[in-house]
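Chain by chain, the residues:
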Amino acid sequence: MRWYIPQRKTCLVLKPEDGEQEPIFAFLPATEQQVRETEQQLGFPLPPLLRLLYTQIANGGFGPGFGIIGGKDGYPGVDHVPGNIARRYQWEIDFADALRQWDKGGWASLTPEGRQVLWEDGIGSQELWESGQLTDDEPEGEEIHLAEEDLTPPWPKHLLPLCEHGCNITTYLFADTEQVVQGMHNPYLVVAASLEEWLERWLAGETLQLM
């Protein structure tokens, strides 16, 4: 059950009430094992404050927007490609790589994995491709040859999807610097210099969806 609280500009994912019991977070605090497995999947440590939120408050499902995305076994978000923060990070990497393939030669140049990623995002038609109906006359079949400098850039290392706001707007967190941004690649729209500042401004009632 998801509750939106307009006054706090936040969303809480809660378990339904049981009799007189007060609602509680749907995702309990993460265990150290869950955090370690999340970091192993990412290939680098979580920011200390995000780690603390996971282990002391809840494994996602609270905070600005539709709630902070959780770690392993935590809140998967509301996007069309749900998953924990490590799964979502890998998906962003794969999606950027698929777009680079597209930039180099159009739909026909994509690997099967690249096509699958784009289909998950609602780009193109799996049915048309598998039925052989895509041709050079179709927008999806047009050949594209961009210069290297014009290709979609690779997904930045350490850039984690933090929370969603709807309408394909996502807030991201650089795990190495803790800078909070919106936007998929440079130039980023900087929202806050740190995760701590971002949370403090949310608690103060500030609107943090800037795009």
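Refer to the preceding data block for the structure.
Residues numbered from 1 in each chain as written. Predicted model: local features only at pLDDT ≥ 70, side-chain atom pairs only at ≥ 80, totals over all residues. Heavy atoms only, no water.

Colleague: Before we go on, may I ask you to explain the side chain of His-158 in this structure?
Modeller: By the secondary structure assignment, His-158 is in the loop between helix H5 (126-130) and strand S3 (159-166). Excluding anything up to four places from it in sequence, His-158 contacts Phe-44, Tyr-89, Leu-173, Phe-174, Ala-175 and Asp-176. (Helix = DSSP H or I, 4+ residues; strand = E, 2+ residues; numbered from the N terminus. Contact = heavy atoms within 4.5 Å.)

Colleague: Would you mind going over helix H2 (residues 48-56) with me for this structure?
Modeller: An α-helix turns once per 3.6 residues; consequently, residues spaced three or four apart project the same way. Here H2 has its buried residues at Leu-50, Leu-53, Tyr-54 and Thr-55. Residues of H2 that are buried in the fold lie against helix H1 (32-42), helix H3 (85-105), S3, strand S4 (169-174) and helix H6 (195-203). (Buried < 20%, exposed > 50% of the residue type's maximum accessible area, 1.4 Å probe, protein only.)

Colleague: How should I be thinking about the pattern of salt bridges in this particular structure?
Modeller: Pairing between side chains becomes possible if they bear opposite charge and their charged atoms approach one another. Applying the stated criterion across every chain yields a total of seven salt bridges. A salt bridge links Arg-51 to Glu-32, with the shortest nitrogen-to-oxygen separation between them at 3.1 Å. Of this pair, Arg-51 sits in helix H2 while Glu-32 sits in helix H1, placing them 19 residues apart in sequence. On the basis of relative accessibility, which here comes to 40%, the residue Glu-32 falls in the partly exposed class. Put simply, Asp-73 and Lys-72 hold a salt bridge, and the shortest N to O gap is 4.0 Å. (Salt bridge = Lys/Arg side-chain N within 4 Å of Asp/Glu carboxyl O.)

Colleague: Whenever I open this one, H1 confuses me. Can you help?
Modeller: Listing the buried residues of H1 in full gives Gln-34, Val-35, Thr-38, Glu-39 and Leu-42. Projected down its long axis, H1 carries its buried residues within an arc of 135°, all on one side. Here the buried face of H1 lies against H2, H3 and S3. Immediately beyond the C-terminal end of H1, within one or two residues, lies Gly-43, with a positive phi of roughly 90°. (Arc of directions from axis to C-beta.)

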